[in-house]
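If you want the building blocks of each chain, they are given just below.
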Amino acid sequence: MKIGAPKESARGEARVALTPESAQHIQKLGHECLIEAGAGEAAGFSDAAYRDAGVSVVDGADALWRDAEVVIKVREPSDDEVKQLHEGQTLITFFWPAQNEALLEACKAQGATVVAMDMVPRISRAQKMDALSSMANIAGYRAVIEAGNNFGRFFTGQVTAAGKVPPAKVLVVGAGVAGLAAIGTATSLGAVVRAFDVRPEVSEQIESMGAEFLFLEFDESQDGSESGGYAAPSSPEFREKQLECFREQAPDVDIVITTALIPGKPAPKLWLEDMVAAMKPGSVIIDLAAEKGGNCDLTKPDERVVSDNGVVVVGYTDFPSRMATQASLLYATNIRHMLTDLTPEKDGVINHNMDDDVIRGATVAHQGEITFPPPPPKVKAIGAAPPKKKEKEPTPEEKKAAEHAAFKAQTKRQAGLLAIGGALMLLLGQVAPVSFMQHFIVFVLACFIGFQVIWNVSHSLHTPLMAVTNAISGIIILGAILQIGTSSVIVGILAAISVLIATINIVGGFLVTRRMLAMFQKS
Amino acid sequence: MLGQGFVSAAAIAASVLFILSLGGLSNQEKAKRAVWYGIVGMAVAVFFTAFGPGIGGYWWLIPMMIIGAAIGVYLAKKVEMTEMPQLVAALHSFVGLAAVFVAWSADLERRRVMAAQAADGAMQEFSAFAALVATKAPDELMFLQIEVVLGIFIGAVTFTGSVIAFGKLAGKVDGKPKQLPGGHMLNAGAAALSLLLAIMYLNGAGFWTLILLAALAFFIGYHLIMGIGGADMPVVVSMLNSYSGWAAAAIGFTLSNDLLIVTGALVGSSGAILSYIMCKAMNRNFISVILGGFGGTQGPAAEIEGEQVAIDANGVASALNDADSVIIVPGYGMAVAQAQTAVSDLVRKLRAAGKEVRFGIHPVAGRLPGHMNVLLAEAKVPYDIVLEMDEINDDFATTDVVIVIGSNDIVNPAAEEDPNSPIAGMPVLKVWEAKQVFICKRGQGTGYSGIENPLFFKENSRMFYGDARDSINSLLPMVE
């Protein structure tokens, strides 16, 4: 089959759906590749490079649309392009079928099969063709770079001879692929990053990227894994809570990157005018949702606006296109994987298997029928992870109160023990002879010292401790020594045996301890 | 002959040295010096007491000490590090027996002195301890008798208890808890009878009461420890350690010797603290450990689903080669299989390959407090990669491979997950949080405590059956 990539007709679109690298892989599937002359120019791929990779370079879009049996593109087709579609032709591209119903209708009328790259279901098997994620990844990275471009200070904190520079504080709203990519980029530039998402289960991912998760105290939290990893609209109460949290953050943060999107809906307004007003002059807002109306009140799609208080609001919608080379490489690979799935025999014949979950999900028009929306996939998107419950941090007052109570309880217990001990001593003193009490004082003090000293012994030395105490307890030999000089024979014999075994104990105990301790080595 | 002043000064010096010796065990480097404090303290104490006033019988004393020292040296040289628990238990029994003998002697001396005083009513020349007894007032003698009773009782329990603990640890006595019919009632009966005998003795009954008392205490010690399972041995050994100290302290009272009292108290409290730490590490009540057997369960243990999946050395080796971080959790099984040297070789290879290798030691791993540390030290594993449970427990989640060698209950997730488990609430090493867990084990079956371990059935667990030493050795050539 002939796979052809035309030059993108949309204004400012620099990406291309076929790269020399992906062309080589596609040819291995038994296909032939075509490209419109100059299609890769803007992304840094010359016609010569394509030719070297075995791609036929075709002059003019008309010839390409006529010859190619499968057309691969980045943006949805323009009206002119739709007219060139013909029966049996397959179009693989970003299509946004929910927003472009008329366009879909027109394609169907032309008898073409349309595979929408944005409709690839989010299951593990299809990750290699998940072009939305690849583009979002780039957008997230580029958003930080764009923010840095518009931000007048360093990201990382520094202490220099010319003064101290505080680190930039970045707030990322929405921790999808773009949000996580932005977090990763910003943290590696040295910024202090905080992130928010309505799905509490992503907190782990956020923290793993090195950002702090802003946790909202709210019962009704979403389980995003139910909806294929995407966020759903939230209740008004939740929204209020959320805005309150942002309002708190606004004066503190330097850079805000908003990525909140809800599939098939306009972007939710999360960064309101008063929050922009509360920000410091020179702060930057990058609105990655600008194409869908923007998360920020001030966002104007494709424009960079400066608010009255000097906050820059960037609403570009073409972040992936601004990194056309990288974006094309990734997108072309996604397309290539889609073609691999469409060519299971690797014989250059497209087998449009509508029983395959991934192909079925992505196909929006086929054999003169509109096949959108697809039935839910058989495989569940992401294993539903139970949201992690965060333990409530006690407030300083509570902590103090708890500490105070613990201290009081301890004092009470100690005082009680002392009182009981004192009373017992008093009783004992009444009956015991003076000489006994003197020894008893020594005994009690020794117990105390023993307790104090032993608590400090490290766990790993417990065996040597036992051996040493063992050796020391051989001190019982003194008892035998004191008695051995007797004139009684029986006592003498008993004492002698005691001396013998106590000596074994002392010598054996100490030697074995020394042997053990000599073995402990540092690395 | 040295004067009394010398003896007292020596006692003070020895006490201080003993305290320093125990305090020095707070870290490995200081510990090497600390032993010397103990040795010097003991030498000072023995020398000055032996050559103090009123001591005789050197023709007994010196040969006995030389023979004892020779035996001690021989034992210390010969013992394998894996046999440490047995040795410690055996040495405890000596202290117990000596305490019984000394207490008996003390009473014999007392009788002799009393008889002589009653006979001629005048002061007579006595030697050694008898001279001291002769100066005592009647109420002091009464207390002396109480102390003798205590010394005999504690000493006797320590003696037979240690002998049985030694037998169990050395494998000469079956490690399973065993009790005569009647169980704890028998112990209680014997204790009550002992009390009766003690009262009779205090009221002037003959020396036979003390012999009978010792016999009863011997029985209690034997029966008590027989009823305790092998897994609880760390507590038992430290408890006996404590008893031997208290026995020494009781004798110290009898003989009015402060050095004995101080040392006995130090040893006694040390053993008590160790027992406490061990019990806490098993989340068990001290009383229930001593009385033997696990506490009653509240319901049926949770059913375990899944199956134990075996793996061969190849699989383990390739997982180790892929891993960046490895934690090894050794248990008594490592000691039994003498696998510590093989483990050490494996660790050296893995570390040479730039992997992070650490050990996680549960406080009650092995049969003696700190048992695993000593074994690993013997195999030349640096002590700074050997970590305690609290230090390492949070790191399992970020670890690639955990190798469990011959431990069972201390890595049992049932302790945390199943409230009906007999070990519910016991702190355990959370090995199952790691990406992969390999369990080196002789075969299927439960450990000492007889509790099924759900860890073996977890999805990320693989059973690596075989003798621990052979298994680890077979890994060595395959690990780069």
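None of the values given here were measured: they were computed from a predicted structure. (Residues numbered from 1 in each chain as written. Chains lettered and ligands numbered in written order. Predicted model: local features only at pLDDT ≥ 70, side-chain atom pairs only at ≥ 80, totals over all residues. Heavy atoms only, no water.)

**Some details on the overall build of chain A**
When its secondary structure is counted, chain A shows 18 helices and 17 strands. Taking all 523 residues of chain A together, the buried fraction comes to 52%. Taking the contacts inside chain A whose residues are at least 6 apart along the sequence as the reference set, 65% of them involve residues at least 24 apart. When the accessible area of chain A is evaluated, it comes to approximately 23600 Å², of which 56% is carbon and sulfur surface. (Helix = DSSP H or I, 4+ residues; strand = E, 2+ residues; numbered from the N terminus. Buried < 20%, exposed > 50% of the residue type's maximum accessible area, 1.4 Å probe, protein only. Contact = heavy atoms within 4.5 Å. Areas by Shrake-Rupley, 256 points an atom, 1.4 Å probe, with all protein chains shown as cover.)

**Some details on the pattern of salt bridges**
Residue and element names in this part refer to chain A. One pass over the structure, following the stated rule, counts 25 salt bridges over all chains. Between Glu146 and Arg322 there is a salt bridge whose closest N-O contact spans 3.9 Å. You can see Glu146 sitting in helix 6 (residues 131-150) and its partner Arg322 sitting in helix 11 (residues 319-322), a full 176 residues away along the chain. Linking Lys280 and Asp254 is a salt bridge whose minimum nitrogen-to-oxygen distance equals 3.2 Å. (Salt bridge = Lys/Arg side-chain N within 4 Å of Asp/Glu carboxyl O.)

**A word on the interface of chain B and chain A**
On the side of chain A, 81 residues touch chain B, which itself brings 108 residues to the contact. A buried area of about 8600 Å², summed over both sides, lies between chain B and chain A, and 78% of it is on carbon and sulfur atoms. Seen at the junction of chain B and chain A, the total is 0 salt bridges. At the junction of chain B with chain A, the criterion picks out 9 residue pairs in polar contact (both at pLDDT 80 or more). (Buried area = accessible area lost by both parts, 1.4 Å probe. Polar contact = N/O pair within 3.5 Å; in protein donor to acceptor, adjacent residues only side chain to side chain.)

**Concerning the pairing of strand 2 (residues 32-36) of chain A**
All names here are of chain A. Counting buried positions along strand 2 gives 4 out of 5 residues, so the element sits mostly inside the fold. Taken together, the 4 bridges between strand 1 (residues 2-5) and strand 2 define a ladder with parallel strand orientation. Its bridge partner lying in strand 2, Gly4 is registered against Leu34. Each parallel crossover has a hand, and for strand 1 linked through helix 1 (residues 20-28) to strand 2 it is right-handed. Sheet topology places strand 2 next to strand 3 (residues 56-58); 3 bridges connect them, and they run parallel. Residue pairing in the sheet places Leu34 in a bridge with Ser56 of strand 3. What joins strand 2 to strand 3 is helix 2 (residues 47-52), and the crossover it makes is right-handed. (Pairing = 2+ DSSP bridges. Right-handed = clockwise from strand over helix to strand, strands pointing away.)

**Some remarks on the nonpolar core**
Judged by nonpolar contacts, the single largest core of 197 residues is most densely connected at Leu320, Val329, Phe359 and Val431 of chain B. In terms of residue count, the dominant contributor to this core is helix 4 (residues 84-120) of chain B (16 residues). In this structure Val329 of chain B touches Gly360, Phe396, Val402, Ile403, Val404, Ile405, Ser407, Ile410, Val411, Leu429 and Val431 of chain B, once residues within four positions along its chain are discounted. By size, the runner-up hydrophobic cluster in this structure holds 43 residues, among which are Val16, Met117, Met129 and Ile350 of chain A. (Core = buried A, V, L, I, M, F, W, Y, C linked by side-chain atoms within 4.5 Å.)

**A short note on a nonpolar patch on the surface**
All names here are of chain B. Where nonpolar side chains cluster on the molecular surface, the patch consists of Leu193, Leu196, Met200, Trp208 and Leu212 and spans about 480 Å² of accessible area. Secondary structure elements with two or more residues in the nonpolar patch: helix 7 (184-202) and helix 8 (208-226). Among the elements that take part in the nonpolar patch, helix 7 stands out by supplying 3 residues, more than any other. Here Met200 shows up in helix 7. Since its relative accessible area comes to 34%, Met200 is described here as partly exposed. (Patch = residues over 30% accessible without salt bridge, like charges linked within 9 Å, V, L, I, M, F, W, Y side chains within 5 Å.)

**Some points on the UniProt feature "transmembrane region" (unreviewed entry) in chain A**
Those places that UniProt annotates as "transmembrane region" (unreviewed entry) correspond, in this numbering, to residues 415-434, 440-458, 465-484 and 490-512 of chain A. Along residues 490-512 of chain A one finds 100% helix and 0% strand; the C-alpha atoms at either end are 33 Å apart. (UniProt positions renumbered as here; feature names shortened; annotations may be inferred.)

**Topic: the sheet that holds strand 6 (residues 461-465) of chain B**
Residue and element names in this part refer to chain B. Sheet architecture is open: 6 strands sit in the order 3-2-1-4-5-6, paired in parallel fashion. Lying at the two open borders of the sheet, with one neighbouring strand each, are strand 3 (386-388) and strand 6. Taken over all neighbouring pairs, the strand axes of this sheet differ in orientation by 25° on average, direction set aside. By the bridge criterion, 5 bridges tie strand 1 (residues 325-330) to strand 4 (residues 401-405) in an arrangement that is parallel. Bridge assignment links Val326 to a residue of strand 4, and that residue is Val401. (Axes fitted to C-alpha atoms, helices over the stretch in contact; angles between N-to-C directions.)

**With respect to the packing of aromatic side chains**
What the rule picks out here adds up to 22 aromatic pairs over all chains. Ring plane angle 80° and centroid distance 5.4 Å describe the contact between Phe47 of chain B and Phe48 of chain B, whose orientation is recorded as edge-to-face. The exposure class of Phe47 of chain B is partly exposed, given its relative accessible area of 44%. Clustering of aromatic rings is evident, with ring pairs tying together Phe436, Phe440 and Phe443 of chain A together with Phe143, Trp246 and Phe253 of chain B. A cation over an aromatic ring shows up here: Lys292 of chain A above the ring of Trp96 of chain A, its NZ or CZ 4.7 Å from the ring centre. Above the face of the Tyr316 of chain A ring, Arg322 of chain A is positioned so that its terminal group lies 3.7 Å from the ring centre. (Phe/Tyr/Trp six-rings, centres within 6.5 Å; stacked < 30°, edge-to-face > 60°. Lys NZ or Arg CZ within 6 Å of the ring centre and 35° of its normal.)

**Considerations on the sheet that holds strand 15 (residues 312-314) of chain A**
All names here are of chain A. The strand order across the open sheet built from 7 strands is 11-10-9-12-13-15-14, with neighbouring strands paired in mixed fashion. Looking at which strands have only one partner, the edges of the open sheet turn out to be strand 11 (212-213) and strand 14 (304-306). Pairing geometry for strand 13 (residues 284-287) and strand 15, over 3 bridges, is parallel. Residue pairing for strand 15: Ile285 is matched across the bridge by Val313.

**As for unusual backbone geometry**
Among all residues save glycine, negative phi is the norm, and among peptide bonds the norm is trans. Following Phe372 of chain A, the chain continues into Pro373 of chain A via a peptide bond in cis, with omega recorded as -5°. Structurally, Pro373 of chain A is set in the loop between strand 17 (369-370) and helix 14 (396-431). Despite not being glycine, Gln367 of chain A has its phi angle at roughly 50°, a positive value. A relative accessible area of 66% means that Gln367 of chain A is categorised as exposed. A positive phi is found at Gln338 of chain B, a non-glycine position, where the angle reads about 55°. Relative to the assigned elements, Gln338 of chain B resides in the loop between helix 13 (332-337) and helix 14 (340-352). Here Gln338 of chain B falls in the partly exposed class, since its relative accessible area comes to 29%.

**A few points about the packing of helix 16 (residues 462-472) of chain A against helix 18 (residues 489-519) of chain A**
Residues and elements named next belong to chain A. Contact geometry for helix 16 and helix 18: axes closest at 7 Å, N-to-C directions at 155°. When the interaxial angle is binned, helix 16 and helix 18 end up roughly antiparallel. In this structure, helix 16 crosses over helix 18, and the sense of that crossing is left-handed. Between helix 16 and helix 18, the residues in contact are Thr463, Pro464, Ala467, Val468, Asn470, Ala471 and Ile472 and Asn505, Ile506, Gly509, Phe510, Val512, Thr513, Met516 and Leu517, respectively. Among the residues forming the contact of helix 16 with helix 18, the class breakdown is 10 nonpolar, 5 polar and no charged. (Parallel < 35°, antiparallel > 145°, perpendicular 65-115°, else oblique. Left-handed = near helix turned anticlockwise from the far one by under 90°. Nonpolar A, V, L, I, M, F, W, Y, C, P; charged D, E, K, R; others polar.)

**Overview of the environment of Arg322 of chain A**
Residue and element names in this part refer to chain A. Under the relative-accessibility criterion, Arg322 is labelled partly exposed at 32%. Spatially, the C-alpha atoms of Arg322 and Arg15 are 8.6 Å apart, while their sequence positions differ by 307 residues. Here Arg322 is in contact with Arg142, Glu146 and Tyr316, once residues within four sequence places are set aside.

**Examining the environment of Thr156 of chain A**
Residue and element names in this part refer to chain A. Within the fold, Thr156 resides in the loop between helix 6 and strand 7 (158-160). When its relative accessible area of 29% is taken as the criterion, Thr156 is described as partly exposed. Separated by 10 residues in the primary sequence, Thr156 and Pro166 have C-alpha atoms spaced 7.3 Å apart. Setting aside anything within four residues of it in sequence, one finds Thr156 in contact with Val165, Pro166, Pro167, Leu189 and Gly190.

**Overview of the packing of helix 15 (residues 434-455) of chain A against helix 9 (residues 233-254) of chain B**
Helix 9 of chain B packs onto helix 15 of chain A with a crossing angle of 155° between their chain directions and a minimal axis gap of 10 Å. Here helix 15 of chain A lies roughly antiparallel to helix 9 of chain B, going by the angle between them. For the element pair helix 15 of chain A and helix 9 of chain B, the recorded crossing hand is right-handed. Listed contacts from helix 9 of chain B to Phe436, His439, Phe440, Phe443 and Cys447 of chain A of helix 15 of chain A are Trp246, Ala249 and Phe253 of chain B. Partitioning the contact of helix 15 of chain A with helix 9 of chain B into residue classes produces 7 nonpolar, 1 polar and no charged.

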